[in-house]
Amino acid sequence: MPGDQPSRRTFTLGVAAAATALAVPATTALAQDQTQAWELAVRKIVGEAKPSEGKFALELPEIAENGNTVPFTVSVESPMTEKDHVKAIHIIATANPQPGVATSRLTPLSGKAAVSSRMRLARTQDVIGIAELSDGRFLMAKRPVKVTIGGCGG
Amino acid sequence: MTKPRIKLPESAKVGEVIEIKTLISHPMETGFRTGPDGALIPRDIIHRFTCTYNGEEIFSADLFPAITANPFITFTTVATESGELALSWTDDKGQTQTETAKITVE
């Protein structure tokens, strides 16, 4: 009977939708709050894009004795021309109470895509760098840092 | 905020990439710490830094509480013409500190 087809399909779709609806809260409940915070921060920057690796150096000490001041340098290999340059460099500390560290905005007049500063790290964690390119692509780099004394006060 | 320190070459060749180092004293209070009375100390950080070269913005940064007290920032620019770089820092209290540096390009 042709009349059967649509209703059966609707039923299957309904089951599939219910399954995904159930699956989503289950996985998020397992993840820690802070994990979500940095993942959200990354998502906010890259959107649906998939960042690729390479041509991106994130220099950080392997072991930071004092989490209160951890020097870092980010540099991206780029010709820095009007057509092909790094628009922004984002730094994210995955286990800090607020994952965002800094967002630097560059122009072709920057000449080089290189920025250094110093950051606080609450504890041992991964630090992520995301470079936003003028053609809309993203590059990502990740570095683990061991922190001996956390740097977030109280 | 006190007078910031800026380090850049006094002169450069046209097209040369120069490095600018900046340091300003600021507590960069995160807003996550508690005071002796157990109450949170309100956040007070420099959240914005910009640099213009003869009026054109060449670099800017949004800073978050993870940047250390007395923020130190290093960045680069292409020396295009002689003139002035104006660097400014803005904190949560709305104070803006602007400092200029001259460069000769030949």
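Residues numbered from 1 in each chain as written. Chains lettered and ligands numbered in written order. Predicted model: local features only at pLDDT ≥ 70, side-chain atom pairs only at ≥ 80, totals over all residues. Heavy atoms only, no water.

### Things to note about the interface of chain A and chain B
Here is step 1: With 28 residues of chain A at the interface, the matching set in chain B holds 31 residues.
Here is step 2: Both faces considered, chain A and chain B share a buried interface measuring about 2400 Å² in area, 55% of it formed by carbon and sulfur atoms.
Here is step 3: Connecting chain A to chain B are 0 salt bridges.
Here is step 4: Counting across the chain A and chain B interface gives 17 residue pairs in polar contact (both at pLDDT 80 or more).
Here is step 5: Secondary-structure elements contributing two or more residues to the side of chain A that touches chain B are β5 (100-106) and β6 (113-119) of chain A.
Here is step 6: Here the side of chain A that touches chain B takes 7 residues from β5(A), the largest share from any one element.
Here is step 7: Each residue belonging to the side of chain A that touches chain B can be placed in one class, and the counts come to 11 nonpolar, 13 polar and 4 charged.
Here is step 8: In the sheet, β5(A) pairs with strand β5 (residues 56-63) of chain B via 5 bridges, with the strands oriented antiparallel. Within the sheet, the bridge partner assigned to Leu106(A) lies in β5(B) and is Phe59(B). (Contact = heavy atoms within 4.5 Å. Buried area = accessible area lost by both parts, 1.4 Å probe. Salt bridge = Lys/Arg side-chain N within 4 Å of Asp/Glu carboxyl O. Polar contact = N/O pair within 3.5 Å; in protein donor to acceptor, adjacent residues only side chain to side chain. Helix = DSSP H or I, 4+ residues; strand = E, 2+ residues; numbered from the N terminus. Nonpolar A, V, L, I, M, F, W, Y, C, P; charged D, E, K, R; others polar. Pairing = 2+ DSSP bridges.)

### Focus on the sheet that holds strand β4 (residues 46-53) of chain B
Here is step 1: Here we have 10 strands laid out as an open sheet, ordered β2(A)-β8(A)-β7(A)-β4(A)-β5(A)-β5(B)-β4(B)-β7(B)-β8(B)-β2(B), and mixed in their pairing. The open sheet is flanked by β2 (63-66) of chain A together with β2 (11-12) of chain B, the only strands paired with a single partner.
Here is step 2: Pairing geometry for β4(B) and β5(B), over 6 bridges, is antiparallel. Within β5(B), the position partnered with Phe49(B) by the bridge is Ala61(B).

### What to know about the packing of aromatic side chains
All names here are of chain B.
Here is step 1: The final tally for this structure, using the stated rule, is 4 aromatic pairs over all chains.
Here is step 2: Aromatic side chains Phe-49 and Trp-89 sit 5.2 Å apart centroid to centroid with 50° between the ring planes, which places their arrangement in the tilted category. Of this pair, Phe-49 sits in strand β4 while Trp-89 is found in strand β7 (residues 83-91), placing the two residues 40 residues apart along the sequence. Trp-89 matches Phe-49 in its accessibility class, with the two residues each being buried.
Here is step 3: Taking 4.4 Å as the distance between ring centres and 5° as the angle between the ring planes, the aromatic pair formed by Phe-59 and Phe-75 counts as stacked. Of the two residues, Phe-59 sits in strand β5 while Phe-75 sits in strand β6 (residues 72-78), which places them 16 residues apart along the sequence. Comparing Phe-59 with Phe-75, the two get one shared label, buried.
Here is step 4: Here a set of aromatic residues connected by ring pairs shows up, and it is made of Phe-49, Phe-59, Phe-75 and Trp-89. (Phe/Tyr/Trp six-rings, centres within 6.5 Å; stacked < 30°, edge-to-face > 60°. Buried < 20%, exposed > 50% of the residue type's maximum accessible area, 1.4 Å probe, protein only.)

### Observations concerning unusual backbone geometry
Here is step 1: For Met80(A), which is not glycine, the phi torsion reads 50° and is therefore positive.
Here is step 2: Its location among the elements puts Met80(A) in the loop between β3 (70-76) and β4 (86-93).
Here is step 3: Non-glycine residue Met28(B) carries a positive phi angle of around 50°.

### Side note on the confidence of the model for chain B
Here is step 1: In this model, chain B carries an average pLDDT of 94, and 99% of its residues clear a pLDDT of 70 or more.
Here is step 2: Scored as a whole, the predicted complex attains pTM 0.82, and scored at its interfaces, ipTM 0.92. (pLDDT = per-residue confidence, 0-100.)

### So, the side chain of Ser110(A)
Here is step 1: Mapping Ser110(A) onto the fold places it in the loop between β5 and β6.
Here is step 2: Ignoring anything within four residues of it in the chain, the contact list for Ser110(A) reads Met80(A), Val17(B), Ile58(B), Thr76(B), Thr77(B) and Val78(B).

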